[in-house]
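# Survey of secondary and tertiary structure
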Amino acid sequence: MSWICPNCERELVKENQTHYCARVSVDSLFDGRPAEMVLAFDKLLAEVAGWEDVIVSTTPHCIVFVHRKTFLVIRPMQKVLDVKFYSLTAQSGHPVAKSTLYAGKYANNIRIKSADELTPQVFKFIHQSYKLL
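Residues numbered from 1 in each chain as written. Predicted model: local features only at pLDDT ≥ 70, side-chain atom pairs only at ≥ 80, totals over all residues. Heavy atoms only, no water.

### Describing the overall build of the protein
Under the convention used in this document: Only DSSP runs of H or I with at least four residues qualify as helices, and only runs of E with at least two residues qualify as strands; both kinds are numbered from the N terminus onward. Only C-alpha atoms enter the radius of gyration; for comparison, a globular chain is expected to reach 2.2 Å times N to the power 0.38, where N is the number of residues. Burial here depends on accessible area, computed with a 1.4 Å probe over protein chains only, as a share of the maximum for the residue type. Under 20% is buried, over 50% is exposed, and the range in between is partly exposed. The contact criterion used throughout is that any non-hydrogen atoms of two residues lie within 4.5 Å.
Looking only at helices and strands, the protein has 3 helices and 8 strands in total. The linear arrangement of helices and strands in the protein, starting from the amino end, is β-β-α-α-β-β-β-β-β-β-α. Against the compact-globule benchmark of 14 Å for 133 residues, the protein has a radius of gyration of 15 Å, which places it among compact chains. Projecting the C-alpha coordinates of the protein onto the three principal axes gives extents of approximately 40 × 35 × 25 Å. For the protein, with 133 residues in total, the buried portion stands at 41%. Sequence separation of 24 or more characterises 48% of the internal contacts of the protein that already satisfy a separation of 6 or more.

Below you can see the structure in the form of structure tokens.
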């Protein structure tokens, strides 16, 4: 069960949950960004938003996907999507650009330019993060 903030209309996991309280549209995060990057985000959104009990919300700089906790953060940059997911162990090698220990788990980042880079392995990483958190 989720709660919608009456001020920013952001859907949150629990009532009065601390959050950045501002109305931000997903479209505004993609202003001036390459069309390939928007298509990649749309593909990610279409897949992940359909998973059970996923809440999708926006902040001034990113799109946040929450199950019980935040399991995926997508930040539109100038030419790429920075896709952050979590795991119990460090991830290395392509496509992972960075893996950092954070609060007992690893925050892993992948940089995506186009939908073609969204491989089954990328979705596997994201789904493992979803199950973890």
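### Some details on the pattern of salt bridges
The condition is simple: Salt bridge, as used here: a side-chain nitrogen of Lys or Arg that lies within 4 Å of a carboxyl oxygen of Asp or Glu.
Per the counting criterion, the structure on display carries 2 salt bridges. Its salt-bridge partner being Arg111, residue Asp82 comes within 2.7 Å of it at the nearest N-O pair. Taken together, the residues Asp82 in strand 6 (residues 81-87) and Arg111 in strand 8 (residues 105-112) connect sequence positions 29 residues apart. By relative accessible area, Asp82 is classed as buried at 5%.

### Focus on the sheet that holds strand 7 (residues 96-102)
Using the following cut-off: At least two DSSP bridges between two strands are required for those strands to pair. For helices, the axis comes from a line fit to the C-alpha atoms of the stretch in contact; other axes are also lines fit to C-alpha atoms, and the angle between any two N-to-C directions lies between 0 and 180 degrees.
On the basis of which strands lie adjacent, the open sheet formed by 6 strands has the order 3-4-5-6-8-7 and antiparallel pairing. Edge positions in the open sheet fall to strand 3 (55-58) and strand 7, since each of these has one partner strand only. Within the sheet, the average angular offset between the axes of one strand and its neighbour, ignoring direction, is 20 degrees. Inspection of the sheet shows strand 3 paired to strand 4 (residues 63-66) by 4 bridges, in the antiparallel sense. The partner of Ile55 across the bridge, within strand 4, is Val66. Its contacts with the sheet place helix 3 (residues 120-132) against strand 5 (70-76), strand 6, strand 7 and strand 8, and it is angled at close to 50 degrees to strand 6.

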